[in-house]
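A look at the structure
Listed below, chain by chain, are the residues.
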Amino acid sequence: FFCGCGGRSVLPLRNMFGSNLSRLTRRVNKIRDQAILLENVKSMRIFSHSHKKDGTGMRHFVKKHLPALKYHNPDLVVVNENKKETAPEVELEYADGSSEKLQCADLTMDKILEDVIVAAAKNNKKETVTFFGKELRI
């Protein structure tokens, strides 16, 4: 591939930006497609620590699932606190003023998301909820 720049070859744009662009496109499509509505949840406080082994699932949850939750629930207030002295947990505050803490130590990111969805559905008095194509009884 010759671009007329003094004999130097330049990588095509597809190779320079392709992997990052396709990764970003897949992530945006995934966020758009996984509509997760937390109907009666007013706020979510996430307590995590960045370097402990039992917080790995929480770190991945914040990176992978939290953007989709924020996108599909624009009124949801999310506070992410990195505290080393606490175990990883999610505190949900509901519209009726009640709150609930979910312990997340040693859980995977998908299990944390499932626990958040089930807790929100319980508070909303639902009997079943669909989680990535499978129906969960509460």
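Our subject is the structure that appears above.
Residues numbered from 1 in each chain as written. Predicted model: local features only at pLDDT ≥ 70, side-chain atom pairs only at ≥ 80, totals over all residues. Heavy atoms only, no water.

Spatial ordering of the open sheet is given by 2-1-3-4, a layout of 4 strands whose pairing is mixed. The open sheet has two free edges, formed respectively by strand 2 (77–82) and strand 4 (99–103), since each of these has just one partner strand. For this sheet, the mean inter-axis angle between neighbouring strands, taken without regard to orientation, is 15°. One ladder, built from 5 bridges, connects strand 3 (residues 89–94) with strand 4; its direction is antiparallel. By the bridge assignment, Glu91 is partnered in strand 4 with Lys101. (Pairing = 2+ DSSP bridges. Helix = DSSP H or I, 4+ residues; strand = E, 2+ residues; numbered from the N terminus. Axes fitted to C-alpha atoms, helices over the stretch in contact; angles between N-to-C directions.)

Let's shift gears to the side chain of Glu91. Turning to its location among the elements, Glu91 is positioned in strand 3. The buried charged residue Glu91 lacks any salt bridge, with Arg45 as its nearest oppositely charged partner at 4.5 Å. Setting aside anything within four residues of it in sequence, one finds Glu91 in contact with Ser43, Met44, Arg45, Phe47, Ser99, Glu100 and Lys101. (Buried < 20%, exposed > 50% of the residue type's maximum accessible area, 1.4 Å probe, protein only. Lys, Arg positive; Asp, Glu negative; His and termini not counted. Salt bridge = Lys/Arg side-chain N within 4 Å of Asp/Glu carboxyl O. Contact = heavy atoms within 4.5 Å.)

Overall, the coordinates contain 4 salt bridges when judged by the stated rule. Arg45 is paired through a salt bridge with Glu81; the nearest N and O atoms lie 2.4 Å apart. Of this pair, Arg45 sits in strand 1 (residues 41–48) while Glu81 sits in strand 2; the two residues are 36 residues apart in sequence, bridging distant segments of the chain. Assessed through its relative accessible area of 31%, Arg45 is described here as partly exposed. Its relative accessible area of 17% is what places Glu81 among the buried residues. Note that Asp115 is salt-bridged to Lys111, the shortest N-O span being 3.2 Å. Of this pair, Asp115 and Lys111 are both found in helix 4 (residues 109–123), 4 residues apart, which corresponds to roughly one turn of the helix.

This brings us to the environment of Leu38. Its place among the elements puts Leu38 in the loop between helix 1 (13–33) and strand 1. Given a relative accessible area of 4%, Leu38 falls into the buried group. C-alpha of Leu38 to C-alpha of Tyr94: the two residues are 56 residues apart in sequence and 9.7 Å apart in space. Beyond its immediate chain neighbours, meaning those up to four positions away, Leu38 contacts Met44, Leu69, Asn73, Leu76, Val116, Ile117 and Ala120.

Another aspect to go through is the pairing of strand 1. With 6 of its 8 residues buried, strand 1 lies for the most part within the structure. Relative to strand 3, strand 1 runs antiparallel, the two being bridged by 6 bridges. When the sheet's bridge partners are listed, Phe47 is paired in strand 3 with Glu89.

The end-to-end C-alpha separation of helix 4 is 22 Å, in line with the 21 Å expected for 15 residues at 1.5 Å each. Burial in helix 4 covers these residues: Ile112, Leu113, Glu114, Val116, Ile117, Val118, Ala119, Ala120 and Ala121. Of the residues one or two after helix 4, Lys125 is the one with positive phi, at around 60°. (Expected span 1.5 Å × (residues − 1).)

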